[in-house]
Number of protein chains: 2
Amino acid sequence: MFKIEHIGIAVKDLAASNELFAKLLGRPHYKIEEVASEHVNTSFFQTGESKVELLQATAPESAIAKFIERKGEGMHHIAFEVSDIRAEMKRLAAEGFRLLNEEPKRGADNKWVCFLHPKSANGVLVELCQSIPEE
Amino acid sequence: MFKIEHIGIAVKDLAASNELFAKLLGRPHYKIEEVASEHVNTSFFQTGESKVELLQATAPESAIAKFIERKGEGMHHIAFEVSDIRAEMKRLAAEGFRLLNEEPKRGADNKWVCFLHPKSANGVLVELCQSIPEE
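Rules of the game
- Residues numbered from 1 in each chain as written.
- Chains lettered and ligands numbered in written order.
- Predicted model: local features only at pLDDT ≥ 70, side-chain atom pairs only at ≥ 80, totals over all residues.
- Heavy atoms only, no water.
- Least-squares fit on C-alpha atoms with pLDDT ≥ 70 in both.
- Contact = heavy atoms within 4.5 Å.
- Salt bridge = Lys/Arg side-chain N within 4 Å of Asp/Glu carboxyl O.
- Helix = DSSP H or I, 4+ residues; strand = E, 2+ residues; numbered from the N terminus.
- Buried < 20%, exposed > 50% of the residue type's maximum accessible area, 1.4 Å probe, protein only.
- Arc of directions from axis to C-beta.
- Polar contact = N/O pair within 3.5 Å; in protein donor to acceptor, adjacent residues only side chain to side chain.

Draft legend 1. The relation of the copies chain A and chain B, seen in detail. Between the two copies, chain A and chain B, the superposition gives an RMSD of 0.0 Å; the rotation angle is 180° and the shift along the axis is 0.0 Å. On the angle and the small slide along the axis, the relation comes out as a two-fold axis. Looking at the interface residues of chain A, 100% of them are also at the interface in chain B, so both copies use one shared face.

Right, here's the structure in full:
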(Lines give C-alpha, C1' and ligand atoms only; values in the text may rest on other atoms or scores of the structure.)
Protein backbone atom coordinates (compact mmCIF):
# COMPACT_ATOMS: atom_id res chain seq x y z
CA MET A 1 0.00 0.00 0.00
CA PHE A 2 1.71 3.18 -1.18
CA LYS A 3 -0.58 5.91 0.04
CA ILE A 4 -4.14 6.92 0.74
CA GLU A 5 -5.46 7.42 -2.77
CA HIS A 6 -8.74 8.93 -1.57
CA ILE A 7 -11.37 9.08 1.15
CA GLY A 8 -14.90 8.42 -0.07
CA ILE A 9 -17.69 10.44 1.55
CA ALA A 10 -21.39 9.63 1.03
CA VAL A 11 -23.52 12.73 0.41
CA LYS A 12 -27.16 13.35 -0.41
CA ASP A 13 -26.77 16.40 -2.62
CA LEU A 14 -23.57 16.58 -4.64
CA ALA A 15 -23.99 20.22 -5.69
CA ALA A 16 -24.51 21.41 -2.10
CA SER A 17 -21.64 19.25 -0.83
CA ASN A 18 -19.32 20.49 -3.57
CA GLU A 19 -19.88 23.99 -2.22
CA LEU A 20 -19.40 22.89 1.37
CA PHE A 21 -16.15 21.02 0.69
CA ALA A 22 -14.82 23.87 -1.44
CA LYS A 23 -15.21 26.09 1.65
CA LEU A 24 -13.70 23.44 3.92
CA LEU A 25 -10.69 22.62 1.75
CA GLY A 26 -10.22 26.11 0.36
CA ARG A 27 -10.37 24.95 -3.25
CA PRO A 28 -13.08 23.71 -5.65
CA HIS A 29 -13.59 20.15 -6.92
CA TYR A 30 -11.58 19.48 -10.07
CA LYS A 31 -13.89 16.99 -11.73
CA ILE A 32 -17.25 15.27 -11.66
CA GLU A 33 -17.64 11.74 -12.96
CA GLU A 34 -20.59 9.39 -13.13
CA VAL A 35 -19.93 5.70 -12.48
CA ALA A 36 -23.07 4.25 -14.05
CA SER A 37 -22.27 0.65 -13.04
CA GLU A 38 -22.23 1.71 -9.36
CA HIS A 39 -25.17 4.14 -9.67
CA VAL A 40 -23.15 7.02 -8.30
CA ASN A 41 -22.14 10.49 -9.28
CA THR A 42 -18.75 11.46 -7.88
CA SER A 43 -16.68 14.60 -7.50
CA PHE A 44 -13.02 14.93 -6.60
CA PHE A 45 -10.96 17.39 -4.56
CA GLN A 46 -7.17 17.26 -4.40
CA THR A 47 -5.53 17.58 -0.99
CA GLY A 48 -1.82 16.84 -0.98
CA GLU A 49 -1.16 13.50 -2.64
CA SER A 50 -4.66 12.23 -1.76
CA LYS A 51 -8.17 13.06 -2.90
CA VAL A 52 -11.50 13.55 -1.26
CA GLU A 53 -14.21 11.81 -3.31
CA LEU A 54 -17.83 12.78 -2.73
CA LEU A 55 -20.39 10.17 -3.79
CA GLN A 56 -24.08 10.73 -4.45
CA ALA A 57 -26.43 7.88 -5.33
CA THR A 58 -28.19 8.07 -8.70
CA ALA A 59 -30.55 5.14 -7.98
CA PRO A 60 -32.13 3.63 -4.85
CA GLU A 61 -30.20 0.35 -5.33
CA SER A 62 -26.87 2.18 -5.08
CA ALA A 63 -24.68 1.14 -2.15
CA ILE A 64 -24.42 4.85 -1.31
CA ALA A 65 -28.21 5.22 -1.01
CA LYS A 66 -28.32 2.19 1.30
CA PHE A 67 -25.39 3.49 3.37
CA ILE A 68 -27.04 6.89 3.89
CA GLU A 69 -30.34 5.25 4.80
CA ARG A 70 -28.58 3.15 7.44
CA LYS A 71 -25.93 5.52 8.79
CA GLY A 72 -26.57 8.98 7.36
CA GLU A 73 -24.09 11.05 5.38
CA GLY A 74 -20.42 10.67 6.26
CA MET A 75 -17.19 8.82 5.60
CA HIS A 76 -17.89 5.77 3.48
CA HIS A 77 -14.55 4.19 2.52
CA ILE A 78 -10.80 4.59 2.47
CA ALA A 79 -8.91 3.78 -0.72
CA PHE A 80 -5.25 2.78 -0.87
CA GLU A 81 -3.18 2.90 -4.03
CA VAL A 82 -1.46 -0.34 -5.00
CA SER A 83 0.85 -1.11 -7.89
CA ASP A 84 -0.41 -4.65 -8.61
CA ILE A 85 -4.02 -5.06 -7.56
CA ARG A 86 -4.21 -8.80 -8.33
CA ALA A 87 -1.16 -9.51 -6.20
CA GLU A 88 -2.57 -7.43 -3.32
CA MET A 89 -5.96 -9.16 -3.59
CA LYS A 90 -4.24 -12.53 -3.38
CA ARG A 91 -2.04 -11.45 -0.47
CA LEU A 92 -4.95 -9.98 1.52
CA ALA A 93 -7.26 -12.94 0.89
CA ALA A 94 -4.49 -15.21 2.23
CA GLU A 95 -4.26 -12.93 5.31
CA GLY A 96 -7.97 -13.51 6.00
CA PHE A 97 -9.52 -10.38 4.46
CA ARG A 98 -12.78 -10.95 2.61
CA LEU A 99 -12.84 -9.53 -0.92
CA LEU A 100 -16.12 -8.06 -2.14
CA ASN A 101 -15.21 -8.70 -5.78
CA GLU A 102 -13.18 -11.65 -7.01
CA GLU A 103 -11.91 -9.77 -10.05
CA PRO A 104 -10.77 -6.14 -10.18
CA LYS A 105 -13.55 -3.95 -11.51
CA ARG A 106 -13.52 -0.55 -13.17
CA GLY A 107 -14.05 2.29 -10.71
CA ALA A 108 -14.10 6.07 -10.97
CA ASP A 109 -11.03 8.05 -12.02
CA ASN A 110 -9.69 5.40 -14.40
CA LYS A 111 -8.82 2.76 -11.79
CA TRP A 112 -9.05 -0.95 -11.26
CA VAL A 113 -10.63 -1.39 -7.86
CA CYS A 114 -11.44 -4.07 -5.32
CA PHE A 115 -13.25 -3.65 -2.00
CA LEU A 116 -12.62 -5.52 1.26
CA HIS A 117 -15.60 -6.39 3.45
CA PRO A 118 -15.78 -4.06 6.49
CA LYS A 119 -16.43 -7.07 8.73
CA SER A 120 -12.94 -8.33 7.96
CA ALA A 121 -11.33 -4.89 8.38
CA ASN A 122 -12.44 -3.44 11.73
CA GLY A 123 -15.64 -1.96 10.35
CA VAL A 124 -13.78 -0.06 7.62
CA LEU A 125 -14.76 -0.41 3.98
CA VAL A 126 -11.34 -0.58 2.31
CA GLU A 127 -10.80 -0.06 -1.41
CA LEU A 128 -7.67 -1.06 -3.28
CA CYS A 129 -7.06 0.84 -6.46
CA GLN A 130 -4.59 0.71 -9.27
CA SER A 131 -4.40 3.25 -12.09
CA ILE A 132 -5.22 1.88 -15.53
CA PRO A 133 -2.47 2.91 -17.96
CA GLU A 134 -3.79 5.21 -20.67
CA GLU A 135 -3.86 3.64 -24.13
CA MET B 1 -5.52 22.53 4.00
CA PHE B 2 -2.27 21.01 2.83
CA LYS B 3 -2.91 17.31 3.01
CA ILE B 4 -4.70 14.55 4.84
CA GLU B 5 -2.64 14.29 8.01
CA HIS B 6 -4.38 11.12 9.18
CA ILE B 7 -7.55 9.07 9.21
CA GLY B 8 -8.79 8.14 12.68
CA ILE B 9 -10.33 4.70 13.12
CA ALA B 10 -12.21 3.67 16.27
CA VAL B 11 -11.31 0.17 17.47
CA LYS B 12 -12.25 -1.96 20.45
CA ASP B 13 -8.98 -3.81 20.94
CA LEU B 14 -5.83 -1.90 19.97
CA ALA B 15 -3.52 -4.90 20.11
CA ALA B 16 -5.73 -6.99 17.82
CA SER B 17 -6.27 -4.06 15.45
CA ASN B 18 -2.55 -3.31 15.32
CA GLU B 19 -2.05 -6.83 14.00
CA LEU B 20 -4.90 -6.52 11.54
CA PHE B 21 -3.71 -3.19 10.12
CA ALA B 22 -0.13 -4.43 9.91
CA LYS B 23 -1.43 -7.19 7.62
CA LEU B 24 -3.58 -4.77 5.66
CA LEU B 25 -0.94 -2.09 5.16
CA GLY B 26 2.02 -4.44 4.91
CA ARG B 27 3.94 -2.70 7.72
CA PRO B 28 3.64 -2.44 11.52
CA HIS B 29 2.53 0.58 13.57
CA TYR B 30 5.46 2.87 14.39
CA LYS B 31 4.25 4.19 17.71
CA ILE B 32 1.66 3.97 20.47
CA GLU B 33 0.65 7.03 22.43
CA GLU B 34 -1.88 7.57 25.17
CA VAL B 35 -3.83 10.84 25.14
CA ALA B 36 -5.01 10.87 28.75
CA SER B 37 -7.11 14.05 28.35
CA GLU B 38 -9.18 12.32 25.63
CA HIS B 39 -9.23 8.93 27.35
CA VAL B 40 -7.75 7.17 24.34
CA ASN B 41 -4.85 5.00 23.46
CA THR B 42 -3.66 5.52 19.89
CA SER B 43 -1.35 3.82 17.43
CA PHE B 44 0.02 5.15 14.16
CA PHE B 45 0.82 3.64 10.77
CA GLN B 46 2.53 5.59 8.00
CA THR B 47 1.09 5.32 4.51
CA GLY B 48 2.58 7.78 2.03
CA GLU B 49 2.44 11.31 3.44
CA SER B 50 -0.57 10.43 5.63
CA LYS B 51 -1.10 8.26 8.69
CA VAL B 52 -3.70 5.82 9.86
CA GLU B 53 -4.45 6.41 13.55
CA LEU B 54 -6.20 3.67 15.51
CA LEU B 55 -8.04 4.84 18.65
CA GLN B 56 -9.13 2.70 21.56
CA ALA B 57 -11.09 4.14 24.50
CA THR B 58 -9.48 3.88 27.93
CA ALA B 59 -12.62 5.00 29.81
CA PRO B 60 -16.39 4.75 29.21
CA GLU B 61 -16.70 8.56 28.93
CA SER B 62 -14.29 8.62 25.97
CA ALA B 63 -15.81 9.91 22.71
CA ILE B 64 -14.44 6.72 21.10
CA ALA B 65 -16.37 4.48 23.50
CA LYS B 66 -19.55 6.40 22.74
CA PHE B 67 -18.91 6.29 19.00
CA ILE B 68 -18.42 2.51 19.03
CA GLU B 69 -21.54 2.04 21.15
CA ARG B 70 -23.57 4.05 18.65
CA LYS B 71 -22.04 3.05 15.32
CA GLY B 72 -19.63 0.19 15.90
CA GLU B 73 -15.95 0.13 14.98
CA GLY B 74 -14.91 2.05 11.88
CA MET B 75 -13.75 5.36 10.45
CA HIS B 76 -14.12 8.06 13.07
CA HIS B 77 -12.54 11.26 11.71
CA ILE B 78 -10.43 12.80 8.98
CA ALA B 79 -7.63 15.17 9.95
CA PHE B 80 -6.17 17.83 7.68
CA GLU B 81 -2.83 19.49 8.28
CA VAL B 82 -2.88 23.28 8.44
CA SER B 83 -0.04 25.75 8.93
CA ASP B 84 -1.92 28.25 11.11
CA ILE B 85 -4.69 26.57 13.07
CA ARG B 86 -6.08 29.78 14.60
CA ALA B 87 -6.41 31.39 11.17
CA GLU B 88 -8.12 28.27 9.78
CA MET B 89 -10.49 28.11 12.77
CA LYS B 90 -11.45 31.73 12.21
CA ARG B 91 -11.89 31.23 8.46
CA LEU B 92 -14.02 28.10 8.87
CA ALA B 93 -16.20 29.58 11.62
CA ALA B 94 -16.89 32.54 9.29
CA GLU B 95 -17.83 30.03 6.56
CA GLY B 96 -20.47 28.52 8.85
CA PHE B 97 -18.60 25.49 10.24
CA ARG B 98 -19.20 24.80 13.92
CA LEU B 99 -16.02 24.40 15.99
CA LEU B 100 -16.08 21.84 18.79
CA ASN B 101 -13.37 23.67 20.69
CA GLU B 102 -12.92 27.44 20.77
CA GLU B 103 -9.19 27.20 21.43
CA PRO B 104 -6.73 24.76 19.87
CA LYS B 105 -6.12 21.85 22.21
CA ARG B 106 -3.22 19.41 22.49
CA GLY B 107 -3.84 16.19 20.57
CA ALA B 108 -1.81 13.07 19.89
CA ASP B 109 1.45 13.17 17.96
CA ASN B 110 2.51 16.62 19.20
CA LYS B 111 -0.20 18.64 17.46
CA TRP B 112 -2.54 21.49 18.16
CA VAL B 113 -5.97 20.29 17.11
CA CYS B 114 -9.51 21.55 16.63
CA PHE B 115 -12.56 19.52 15.61
CA LEU B 116 -15.48 20.64 13.45
CA HIS B 117 -18.94 19.37 14.31
CA PRO B 118 -20.05 16.64 11.87
CA LYS B 119 -23.47 18.30 11.53
CA SER B 120 -21.79 21.27 9.87
CA ALA B 121 -19.57 19.08 7.64
CA ASN B 122 -21.79 16.54 5.89
CA GLY B 123 -21.69 14.04 8.71
CA VAL B 124 -17.88 14.00 8.76
CA LEU B 125 -15.95 14.68 11.96
CA VAL B 126 -13.14 16.90 10.67
CA GLU B 127 -9.97 17.59 12.64
CA LEU B 128 -7.58 20.41 11.90
CA CYS B 129 -4.06 19.87 13.13
CA GLN B 130 -0.88 21.86 13.26
CA SER B 131 2.45 20.49 14.40
CA ILE B 132 3.82 22.03 17.59
CA PRO B 133 7.45 23.08 17.01
CA GLU B 134 9.86 21.11 19.21
CA GLU B 135 11.52 23.19 21.91
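Draft legend 2. Expanded view of the pattern of salt bridges. Summed over the entire model, instances satisfying the criterion amount to 16 salt bridges over all chains. Here K105 of chain A makes a salt bridge to E38 of chain A, at a shortest N to O gap of 2.9 Å. With K105 of chain A in strand β6 (residues 105-107) and E38 of chain A in the loop between β2 (31-35) and β3 (40-47), the pair connects residues that are 67 residues apart, well separated along the chain. What makes E38 of chain A partly exposed here is its relative accessible area of 28%. K51 of chain B is the salt-bridge partner of E5 of chain B, the closest N and O atoms lying 2.6 Å from each other. Taken together, the positions of E5 of chain B in strand β1 (residues 3-10) and K51 of chain B in strand β4 (residues 50-57) put the pair 46 residues apart, joining distant regions of the chain. Across the pair, exposure class does not vary: E5 of chain B and K51 of chain B are buried alike. Bridged by salt links that share partners, the residues E5, K31, E33, K51, D109 and K111 of chain A form one connected network.

Draft legend 3. Fine view of helix α2 (residues 63-71) of chain A. All names here are of chain A. For α2, the full list of buried residues reads I64, A65, F67 and I68. Taken down its axis, α2 places every buried residue within 160° of arc, on the same side. Opposite its buried face, α2 presents the exposed residues E69 and R70, each directed more than 90 degrees away. Looking at the buried side of α2, the elements it contacts are β1 (3-10), β3, β4 (50-57) and β5 (74-81). The N-capping residue of α2, defined by a side-chain oxygen 3.0 Å from the backbone nitrogen of I64, is S62. Downstream of α2 by a residue or two, G72 has a phi angle that is positive, lying close to 85°.

Nothing here speaks to function; it is all geometry.
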